[in-house]
Amino acid sequence: MSLPKIKTVRAYFAGGATADKAAAGGDYHDQGANHWIDDHVATPMSKYKQYEQSRQSFGINVLGTLIVEVEADNGQTGFAITTGGEMGCFIVEKHLNRFLEGRCVSDIKLIHDQMMNATMYYAGSGGLVMNTISCVDLALWDLFGKVTDLPVYKLLGGAVRDELQFYATGARPDLAQKMGFIGGKMAVQWGPHDGDEGIRKEVARIAHYRETCGADFWLMLDCWMSQDVNFATKLAHACAPYNVKWLEECLPPQQFEGYAQLKQQAPHGMLITSGEHHGTLQSFRTLAETGIDILQPDVGWCGGLTTLVEVAALAKSRGQLVVPHGSSVYSHHAVITFTNSPFSEFLMTSPDCSTLRPQFDPLLINEPVPVKGRIHKSVLDKPGFGVELNRDGLKRPYQH
Ligand SMILES: C[C@H](O)[C@H](O)[C@@H](O)[C@@H](O)C(=O)O
Ligand SMILES: [Mg+2]
């Protein structure tokens, strides 16, 4: 089978700080008002009163969505979306384009290595540049699937289970249970600056939903980098009587020693997890060596599918789980091929968690959502990642 070459790459953005209204999409924190995802969620900024109520007030949604589209010389295209916006467009069109154009559509790993090494002098181990590389990598996998007429999960070696099962992240574990999810993860709302009263408030909420959802429904807390080891340890032990399954991302990404200490100090049986704001395989090796239980890379932020596959193998070698941070189809096609990913995350993007809105709505056409908390592998049986791009309102700020 002779494969086409990559003719060109284009980068668009939607939403972000220059937009006149919330655009959601890949930057799913870019929601309108009165949304659970922006309601007093604890963050590293919460100690500043003016930024305590709303993450959008400190700029969680300034980047907006980056869309990367790669076109082969036979006219076929692949695309992907992530958090990155206009600045990501610059990196794609003025730097990364040179590693794609003229290459065979199957040269994904070579292009990935060149993008990682060529940006090392300004990328660090995560953030905007890693998001941008991830988006290009995902677009290349989508194009490869379109050209070979295969879903990405089959390019990776095929499914190891017939369906994906999901827990739901949102403000209403009770509604998630009714929708068939296996668990509910809530964002913590109080942090170290709230002291013991903050812990009491979190525990009261957990106690309420334990009572409402019964003994076995998974309940988790997502701490979004907002804590220190002492607060996280006290919160973990205060929640233990209510069978909280895991505490997530308690500390800033680079506090590896803190994660190792927290894992040692956590109650027996309670899992400690992190990873969504980590990037590069090397960072995940260091994170894995802390001994935490579940690595949670975001495939649109960690270095792309090429990096996620490497992280999953690393974790598997250590008996650790990989449960990617919710990234819709970009996670689904990977998770269904990983033996150490027994479940997935579905992130509720409806304002009150009462309906199943696709995570990257409105940017992906035909984006699947779980039915009764599950997605069967047959749903993924379309070329590439199986979704099409809603081009309404996209802007292309740079050319090359
Ligand atoms: C709910 C959390 O605060 C974040 O908004 C969410 O994106 C992420 O941490 C998650 O695990 O879903
Ligand atoms: Mg999280």
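Keep in mind it's a predicted model, so treat the numbers as computed, not measured. (Residues numbered from 1 in each chain as written. Chains lettered and ligands numbered in written order. Predicted model: local features only at pLDDT ≥ 70, side-chain atom pairs only at ≥ 80, totals over all residues. Heavy atoms only, no water.)

Q: Would you mind going over the domain arrangement of the protein with me for this structure?
A: Interfaces are often sized by the amount of accessible area the parts lose when they come together. For the protein, the assigned domains read domain 1 (5-149) and domain 2 (155-388). Relative placement of domain 1 and domain 2: their C-alpha centres are 21 Å apart. Across the contact surface, domain 1 and domain 2 share 1 salt bridge. If you list the elements that add at least two residues to the side of domain 1 that touches domain 2, you get α1 (55-58), β2 (65-72), β3 (77-83), α3 (108-118) and α5 (128-148). No other element matches the 12 residues that α5 contributes to the side of domain 1 that touches domain 2. When its residues are assigned to classes, the side of domain 1 that touches domain 2 shows 21 nonpolar, 19 polar and 9 charged. (Domains from an automatic or database assignment. Salt bridge = Lys/Arg side-chain N within 4 Å of Asp/Glu carboxyl O. Helix = DSSP H or I, 4+ residues; strand = E, 2+ residues; numbered from the N terminus. Nonpolar A, V, L, I, M, F, W, Y, C, P; charged D, E, K, R; others polar.)

Q: Help me understand the coordination of the magnesium ion (ligand 2) in this model?
A: Ideal geometry at a metal centre: 109.5 degrees between donors when four sit tetrahedrally, and 90 or 180 degrees when six sit octahedrally. In this structure, Asp222 (OD), Glu248 (OE) and Glu276 (OE) serve as the protein donors to the magnesium ion (ligand 2), at separations of 2.0 Å. When the donors of the magnesium ion (ligand 2) are listed by position in the chain, the intervening gaps give D-x25-E-x27-E. One end of the pair, aspartate 222, is in strand β6 (residues 218-222); the other, glutamate 276, is in the loop between β8 (271-274) and α11 (281-288), with 54 residues separating them in the sequence. Overall, the relative accessible area of 3% leaves glutamate 276 in the buried class. (Donors = N, O, S within 2.8 Å, 3.2 Å for Na, K, Ca; no water. Buried < 20%, exposed > 50% of the residue type's maximum accessible area, 1.4 Å probe, protein only.)

Q: I keep staring at the site of ligand 1 and nothing clicks. Help me out?
A: Among the 16 residues in the neighbourhood of ligand 1, the closest are listed as Tyr28, His29, Lys185, Asp222 and Glu345. For ligand 1, an oxygen atom lies 2.7 Å from a polar atom in the side chain of histidine 29. When ligand 1 is considered free in solution it has 320 Å² of accessible area, and contact with the protein chains removes 100% of it. If you list the elements that add at least two residues to the shell around ligand 1, you get β5 (183-187) and β11 (344-347). By residue class, the composition of the shell around ligand 1 is 7 nonpolar, 3 polar and 6 charged. Two domains share the shell around ligand 1, each providing at least three of its residues, namely domain 1 (5-149) and domain 2 (155-388). (Near = heavy atom within 4 Å. Polar contact = N/O pair within 3.5 Å; in protein donor to acceptor, adjacent residues only side chain to side chain. Areas by Shrake-Rupley, 256 points an atom, 1.4 Å probe, with all protein chains shown as cover.)

Q: How do you make sense of the pattern of salt bridges when you look at a structure like this?
A: Oppositely charged side chains may form a pair once their charged atoms are brought near each other. Summed over the entire model, instances satisfying the criterion amount to 21 salt bridges. Between arginine 391 and glutamate 69 there is a salt bridge, with the nearest N and O atoms lying 2.2 Å from each other. Taken together, the positions of arginine 391 in the segment after β14 (388-389) and glutamate 69 in strand β2 put the pair 322 residues apart, joining distant regions of the chain. Put simply, lysine 234 and aspartate 196 hold a salt bridge, and the shortest N to O gap is 2.8 Å.

Q: When you look at the environment of proline 192 in this model, what are you seeing that I'm missing?
A: Take proline 192: it is sitting in the loop between β5 and α8 (195-213). The spatial distance from the C-alpha of proline 192 to the C-alpha of histidine 333 is 38 Å, given a sequence separation of 141 residues. When near neighbours in sequence (up to four residues on either side) are disregarded, proline 192 contacts Ser226, Gln227, Asp228 and Phe231. (Contact = heavy atoms within 4.5 Å.)

Q: What's the story with the pairing of strand β4 (residues 163-169) in this structure? I'm lost.
A: Looking along a regular strand, one sees the side chains alternate between the two faces of the sheet. Taken across its 7 residues, β4 has 5 buried, putting it largely inside the fold. One ladder, built from 3 bridges, connects β4 with strand β13 (residues 374-376); its direction is antiparallel. Bridge assignment links glutamate 163 to a residue of β13, and that residue is histidine 376. Where β4 meets β11, 4 bridges bridge the pair, whose relative direction is parallel. Following the sheet pairing, alanine 168 is matched in β11 by phenylalanine 346. (Pairing = 2+ DSSP bridges.)

Q: Help me understand the UniProt feature "binding site: Mg(2+)" (unreviewed entry) in the protein, please; the structure alone is not making it clear to me.
A: As recorded in UniProt, the sites labelled "binding site: Mg(2+)" (unreviewed entry) are Asp222, Glu248 and Glu276. Across 55 residues in sequence, these annotated residues keep their C-alpha atoms within 11.1 Å of one another, forming a single compact spot. For aspartate 222, the residues in contact, after removing those within four places along its chain, are Lys185, Met186, Ala187, Val188, Glu248 and Glu276. Tracing the backbone shows glutamate 248 in strand β7 (residues 244-248). Using a relative accessible area of 1% as the deciding quantity, one classes glutamate 248 as buried. The contacts of glutamate 248, once residues within four sequence positions are left out, are Tyr167, Lys185, Leu221, Asp222, Cys223, Trp224, Thr273, Glu276 and Gln296. (UniProt positions renumbered as here; feature names shortened; annotations may be inferred.)

Q: Explain the packing of helix α9 (residues 229-239) against helix α10 (residues 256-265) to me, please; I cannot follow it from the model alone.
A: Each packed pair of helices is defined by two parameters, the angle between the axes and the distance between the axes. At a closest axis distance of 10 Å, the pairing of α9 and α10 adopts a crossing angle of 25°. Judged by the angle between their axes, α9 and α10 are roughly parallel. In this structure, α9 crosses over α10, and the sense of that crossing is right-handed. For the pair formed by α9 and α10, the contact residues are Val229, Ala232, Thr233 and His237 on the first element and Gly258, Gln261, Leu262 and Gln265 on the second. The class makeup of the residues in the contact of α9 with α10 is 3 nonpolar, 5 polar and no charged. (Axes fitted to C-alpha atoms, helices over the stretch in contact; angles between N-to-C directions. Parallel < 35°, antiparallel > 145°, perpendicular 65-115°, else oblique. Left-handed = near helix turned anticlockwise from the far one by under 90°.)

Q: Honestly, the sheet that holds β2 in this entry has me stumped. Any pointers?
A: Backbone-to-backbone hydrogen bonds pair the strands of a sheet. The strands run either parallel or antiparallel. Across the sheet, which stays open at both edges, the 3 strands sit in the order β1-β2-β3 with antiparallel pairing between neighbours. The open sheet has two edge strands, β1 (6-14) and β3, and neither has a second partner. The mean angle between the axes of side-by-side strands here comes to 15°, regardless of whether they run parallel or antiparallel. Pairing of β2 with β3 involves 7 bridges; the strand directions are antiparallel. By the bridge assignment for β3, isoleucine 67 is matched with isoleucine 81. Sitting on the sheet, helix α2 (residues 85-100) touches β1, β2 and β3, and the angle it makes with β1 is about 170°. Packing against the sheet, α5 makes contact with β1, β2 and β3, and its axis sits at approximately 150° to β3.

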